[in-house]
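# Coordinate inspection notes
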Amino acid sequence: MTYNDPHYVNALLQLIEGLGTLAFAISGIRHAAEKRFDWFGGYVCGIAVAIGGGTIRDTMLGVKPFWTTDVRYILVTAIALLITVILRKHMKRLNNTWFVFDSLGLAFFTIAGMQKTLSLGHPFWLAIIMGCITGVAGGIIRDVLLNNVPVIFHKEIYAIASVAGGILYWAMLSLNCGLTFTVIVTFFLIIAIRFIAVYYHVSLPTLHDES
């Protein structure tokens with residue numbers, strides 16, 4: 001199958017991780033701006049959300065973290081900082097800009113996490129877990145740095161969108177769908193779930209202390 005071609009998989013992974021890094025970095029920097037961090041603090045927050053999930057994934061898989069072998073991910077975060085600073089007035093008018101970039105990052109990194117796990121020969125159930133970790137762990141790190149309760153624990157559907165995308169990814173590859181087509185469909189499913197959940201205020205039931 002196509003996803004076993006190492007050259008194709010590597011090129012696709014680099015593209016997806018690059019786009020995910022940019023999207024997540026912009027999201028993290030926008031959150032830092034709301035807390036009135038300085039430029040350095042914004043960069044730190046951006047890099048944490050951009051590489052945090054992938055770093056945890058690669059460490060658990062026993063490989064070098066993806067950004068330690070390619071300086072472009074660090075540079076992409078710097079570009080994200082410049083974009084946010086230059087376009088800050090325009091982004092301020094778009095209250096949901098951070099949400100859009102956060103959703104894009106979630107979709108890109110979920111797919112990247114799954115495909116990297118599969119390319120290393122691991123089973124699909126682990127790939128789904130690693131895809132979710134790649135997609136959401138950076139946001140948890142960001143929220144901890146900003147002294148916020150991580151969004152996945154108390155707000156709209158987030159990690160569930162990642163898991164749903166992972167299941168679809170597995171199903172399509174099991175049916176011998178092309179890798180590129182599978183990536184595109186999975187990407188739009190995750191985005192659609194996020195947008196629908198936020199627009200219609202869909203969330204999981206909350207826990208209550210009955211004592």
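Looking up the chain in an unreviewed UniProt entry gives the name Glycine transporter domain-containing protein, with the organism given as Prevotella disiens DNF00882. Comment text from UniProt for the chain, heading Sequence similarities (unreviewed entry), reads "Belongs to the UPF0126 family."

### Some points on the environment of Ile86
As for its position among the elements, Ile86 is in helix 3 (residues 72–86). A C-alpha to C-alpha distance of 15 Å links Ile86 and Phe40, two positions 46 residues apart in sequence.

### What about the UniProt feature "transmembrane region" (unreviewed entry) in the chain?
Listed under "transmembrane region" (unreviewed entry) in the UniProt record, and renumbered for this structure, are residues 12–30, 37–56, 71–87, 99–118, 124–145, 157–175 and 181–202. Helix makes up 100% of residues 12–30 and strand 0%, whereas the separation of the span's terminal C-alpha atoms amounts to 27 Å. The distance separating the terminal C-alpha atoms of residues 71–87 is 25 Å; by composition the span is 88% helix and 0% strand.

### Details of the environment of Gly52
Structurally, Gly52 can be placed in helix 2 (residues 39–61). Its relative accessible area of 7% is what places Gly52 among the buried residues. For the pair Gly52 and Val202, spaced 150 residues apart in sequence, the C-alpha to C-alpha distance is 27 Å.

### Focus: unusual backbone geometry
Peptide bonds are mostly trans, and most non-glycine residues show a negative phi. Phi at Arg36 is positive, roughly 60°, even though this residue is not glycine. Structurally, the position occupied by Arg36 is in the loop between helix 1 (6–34) and helix 2. For Arg36, a relative accessible area of 75% gives the class exposed. Phi is positive for Asn147, which is not a glycine, with a value near 60°. The class for Asn147 is exposed, based on a relative accessible area of 70%.

### Some points on the nonpolar core
Ile16, Phe24, Leu106, Tyr169, Leu179 and Val183 are the most contacted members of the largest nonpolar core, which totals 41 residues. Put simply, the parts of the chain that give this core at least two residues each are helix 1, helix 2, helix 3, helix 5 (97–119), helix 6 (124–145), helix 7 (159–174) and helix 8 (179–199). If we ignore the near neighbours within four places in the chain, the residues touching Tyr169 are Ile111, Met114, Gln115, Leu118, Leu179, Thr182, Val183 and Thr186. Ranked by size, the runner-up nonpolar core spans five residues in total, among them Leu61, Met130, Ile133 and Ala137.

### Things to note about the environment of Gln14
As for its placement among the helices and strands, Gln14 is situated in helix 1. On the accessibility criterion, Gln14 (34% relative accessible area) is partly exposed. For Gln14 and Asp70, which are 56 residues apart along the polypeptide, the C-alpha to C-alpha distance reads 9.8 Å. Excluding residues that lie within four positions of it along the chain, Gln14 makes contacts with Arg72 and Tyr73. A distance of 3.3 Å separates the side chain of Gln14 from the side chain of Arg72, its partner in a polar contact.

### Section: the pattern of salt bridges
For the structure on display, the rule yields five salt bridges. With a shortest N-O distance of 2.6 Å, Asp70 and Arg72 are connected by a salt bridge. The class of Arg72 is partly exposed, set by a relative accessible area of 46%. The shortest N-O distance in the salt bridge between Arg142 and Asp102 comes to 3.2 Å. Taken together, the residues Arg142 in helix 6 and Asp102 in helix 5 connect sequence positions 40 residues apart. As far as the burial class goes, Arg142 and Asp102 line up, both buried. Where salt bridges share partners, they join Arg57, Asp58 and Lys116 into one cluster.

### Some thoughts on helix 2
Residues three or four positions apart in an α-helix share a direction because the helix packs 3.6 residues into each turn. Here helix 2 is 23 residues long and its end C-alpha atoms lie 33 Å apart, about the 33 Å a rise of 1.5 Å per residue gives. At Ile51, helix 2 shows its largest bend, some 40°. Near the N-terminus of helix 2, the side chain that reaches the backbone nitrogen of Phe40, with its oxygen 3.2 Å away, is that of Asp38. After helix 2 finishes, the residue Gly62 shows a positive phi value of roughly 75°.

Cut-offs applied
- Residues numbered from 1 in each chain as written.
- Predicted model: local features only at pLDDT ≥ 70, side-chain atom pairs only at ≥ 80, totals over all residues.
- Heavy atoms only, no water.
- UniProt positions renumbered as here; feature names shortened; annotations may be inferred.
- Helix = DSSP H or I, 4+ residues; strand = E, 2+ residues; numbered from the N terminus.
- Buried < 20%, exposed > 50% of the residue type's maximum accessible area, 1.4 Å probe, protein only.
- Core = buried A, V, L, I, M, F, W, Y, C linked by side-chain atoms within 4.5 Å.
- Contact = heavy atoms within 4.5 Å.
- Polar contact = N/O pair within 3.5 Å; in protein donor to acceptor, adjacent residues only side chain to side chain.
- Salt bridge = Lys/Arg side-chain N within 4 Å of Asp/Glu carboxyl O.
- Expected span 1.5 Å × (residues − 1).
- Bend = angle between axes of the 7 residues up to and from the residue.

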